[in-house]
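Listed here are the chains, written in short residue letters.
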Protein chains: 2
Amino acid sequence: MAKVLLSVFLVLVAVSSSLGKPEKNTVKKEKRIPQTLSRGWGDQLIWAQTYEEALFWARKGNKPLMVIFHLEDCPHSQSMKKVFAEDKEIQRIADEDFIVLNLMYETTDKHLSPDGQYVPRIIFVDPSMTVRADITGRYANRMYAYEPTDAKLLLSNMQKAKKFLKTEL
Amino acid sequence: MAKVLLSVFLVLVAVSSSLGKPEKNTVKKEKRIPQTLSRGWGDQLIWAQTYEEALFWARKGNKPLMVIFHLEDCPHSQSMKKVFAEDKEIQRIADEDFIVLNLMYETTDKHLSPDGQYVPRIIFVDPSMTVRADITGRYANRMYAYEPTDAKLLLSNMQKAKKFLKTEL
């Protein structure tokens, strides 16, 4: 029983430390740096804050939306972020042709997790508000995951997302 | 008819210019300043990005949540923001005892607009995830609006929000 409790305790410690939010009391006297919306995924991109905002801009601008789910303490997210932020072609197309949103917390919209909630995960949404479940990476068990070596695939998927489901007007 | 069209056009122009998102093409060559989550409501506060994230922290930290709805081009929002950011007591209590979130786009949760969607509007949420519709400002037609002269009322409402609906454990 003591062992079980210890395990639970360790899990709780791990969860709370891994979530990466600084404890308010420990940093109270230091000057904090305001948090940015880019979080290192491209400071020069214009990031939406919320999914609702992103959908608004996608519809308004008739642009596809790219939603990146990630976590600060996930090494796969970190290495994917580095590739994403440093790839000039990805950054250029993301800037010119996409509405971009990066999230560390899941939304209530189940459509954004077609095969589960994991990170890193990149989901495209058509300006018609349809999640492009057809635009996938190369991993059968995590269809919307990308590895740093998948930059080319991500680029070609971005091109796919630019071909809209319906061409209205 | 021409008049109607003109009005519609003017409204569209007003809406698109008022939304305050810079046109990408016009700023493409300039270096952009990364957008912050505080948006001037207190750079030293730790702001949640989304409502889902804010609820997570409210539950986890057993703290009430303060959601501020505002718009960049709304003079009432701007003047309230100035008061909020410059009032040391509001900032201190917000930092120590609250999870804070400021939003420019409505969420899909209707509970966050008990008497409609307008700005500025401040809604408190109990850590039990209940919207505190009982904590209101002084305007009967916009019950969750605050004017710059309402700083004291806002402070006393923050104190109210700190008295939880249910004391669990």
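Numbers given for residues are sequential positions, taken from 1 along each chain in its written order. Naming scheme: in the order in which they are written, chains are lettered from A and ligands are numbered from 1. Reporting in this predicted model follows two pLDDT cut-offs: at least 70 for local features of residues, and 80 or more for side-chain atom pairs to be given and counted; totals over whole chains, interfaces and linings ignore these cut-offs and use all residues. Values shown for side chains rest on all heavy atoms present in the structure; no hydrogens or waters enter the calculation.

Under an unreviewed UniProt entry, the name given to chain A is Anterior gradient protein 2 homolog, and the organism recorded is Clupea harengus. UniProt positions are given in the numbering used here, feature names are shortened, and annotations may be inferred rather than shown by experiment. Quoted verbatim from the Sequence similarities (unreviewed entry) heading of the UniProt record, the comment on chain A is "Belongs to the AGR family."

Draft legend 1. Representation of the relation of the copies chain B and chain A. All copies are superposed by least squares; the fitting set is the C-alpha atoms of residues with a pLDDT of at least 70 in both. The transformation that overlays chain B on chain A combines an axial shift of 0.0 Å with a rotation of 180 degrees, and the residual RMSD is 0.0 Å. Expressed as an axis order, the relation between the two copies is that of a two-fold axis. Residue B:Thr36 of chain B places its C-alpha closer to the rotation axis than any other residue of that unit, at 2.1 Å. By the convention used here, residues are in contact when the closest approach between their heavy atoms is within 4.5 Å. A shared binding surface is used by both copies, with 100% of the interface residues of chain B retained as interface residues in chain A.

Draft legend 2. How the structure looks around the nonpolar core. The biggest cluster of nonpolar side chains holds 46 residues, and the ones touching the most others in it are A:Met66, A:Phe124, A:Met158, B:Met66, B:Phe124 and B:Met158. In contact with A:Phe124, not counting residues within four places along its chain, are A:Leu65, A:Met66, A:Phe98, A:Thr130, A:Val131, A:Arg132, A:Ile135, A:Tyr146, A:Leu154, A:Asn157, A:Met158 and A:Ala161. Residues grouped as a nonpolar core are buried Ala, Val, Leu, Ile, Met, Phe, Trp, Tyr and Cys residues, joined through side-chain atoms within 4.5 Å. With a 1.4 Å probe rolled over the protein chains alone, any residue whose accessible area is under 20% of its type maximum counts as buried; one over 50% counts as exposed, and the rest are partly exposed.

Draft legend 3. Molecular detail of the interface of chain B and chain A. Taken residue by residue, the interface counts 39 residues in chain B and 39 residues in chain A. Put simply, buried area is the surface a 1.4 Å probe can reach on two separate parts but cannot reach once they are joined, added for both. Together chain B and chain A conceal approximately 3900 Å² of surface at their shared face, both sides included; 52% is due to carbon and sulfur atoms. When residues of chain B are sorted by the area they lose upon contact with chain A, B:Gln35, B:Ile46 and B:Tyr105 head the list and together hold 19% of the total. We define a salt bridge as a contact between a side-chain nitrogen of Lys or Arg and a carboxyl oxygen of Asp or Glu at a distance within 4 Å. At the surface where chain B touches chain A, the tally comes to 2 salt bridges.

Draft legend 4. Up close: helix 4 (residues 75-86) of chain A. Residue and element names in this part refer to chain A. Its 12 residues give helix 4 an end-to-end C-alpha distance of 17 Å, which sits within 8% of 16 Å, the value for a rise of 1.5 Å per residue. Here a strand is any run of E in DSSP of at least two residues, a helix any run of H or I of at least four, and the numbering for each starts at the N terminus. If you check which residues of helix 4 are buried, you get Ser 77, Met 80, Lys 81 and Phe 84. In a view along the axis of helix 4, the buried residues occupy a sector of 110 degrees, so they form one face of it. Those residues of helix 4 that are exposed and aimed more than 90 degrees away from the buried face are Pro 75, Lys 82 and Glu 86. Residues of helix 4 that are buried make contact with strand 1 (65-69), helix 5 (88-97) and helix 6 (151-162). Take the number of residues in a helix, subtract one, and multiply by 1.5 Å to get its expected span. By definition, the arc is the one covered by directions from the helix axis to the C-beta atoms.

Draft legend 5. Local environment of the sheet that holds strand 1 (residues 65-69) of chain B. All names here are of chain B. Strand order across the open sheet formed by 3 strands is 2-1-3, with mixed pairing between neighbours. Here the strands that pair on one side only, and so sit at the sheet edges, are strand 2 (99-103) and strand 3 (121-125). Strand-to-strand twist of the sheet, defined as the mean angle between neighbouring strand axes without regard to direction, takes the value 20 degrees. By definition, two strands form a pair when at least two bridges between them are found by DSSP. Axis definition: a line fitted to C-alpha atoms, over the contacting stretch in the case of helices. Angles run 0 to 180 degrees between N-to-C directions.

Draft legend 6. Looking closely at the sheet that holds strand 3 (residues 121-125) of chain A. All names here are of chain A. Strand order in the open sheet made by the 3 strands is 2-1-3, with mixed pairing throughout. At either margin of the open sheet sits one strand with a lone partner, and together these are strand 2 (99-103) and strand 3. Adjacent strand axes in the sheet meet at a mean angle of 20 degrees, parallel and antiparallel pairs treated alike. Relative to strand 3, strand 1 runs antiparallel, the two being bridged by 5 bridges.

Draft legend 7. Spatial organisation of the pairing of strand 1 of chain A. Residues and elements named next belong to chain A. Most of strand 1 is tucked away: 5 of the 5 residues are buried. Side-chain alternation along strand 1 places Leu 65, Val 67 and Phe 69 on one buried face and Met 66 and Ile 68 on a second face that is also buried. Pairing of strand 1 with strand 2, which is carried by 5 bridges, proceeds in the parallel orientation. From the neighbouring strand, Phe 69 faces strand 2, where its bridge partner is Leu 103.

Draft legend 8. Region of the structure containing helix 3 (residues 51-61) of chain B. Residues and elements named next belong to chain B. Taken as a whole, helix 3 has its buried residues at Tyr 51, Glu 53, Ala 54, Leu 55, Trp 57 and Ala 58. Its buried side turned inward, helix 3 meets strand 1, strand 2 and strand 3. The positive-phi residue at the C-terminal boundary of helix 3 is Asn 62, with phi of around 50 degrees.

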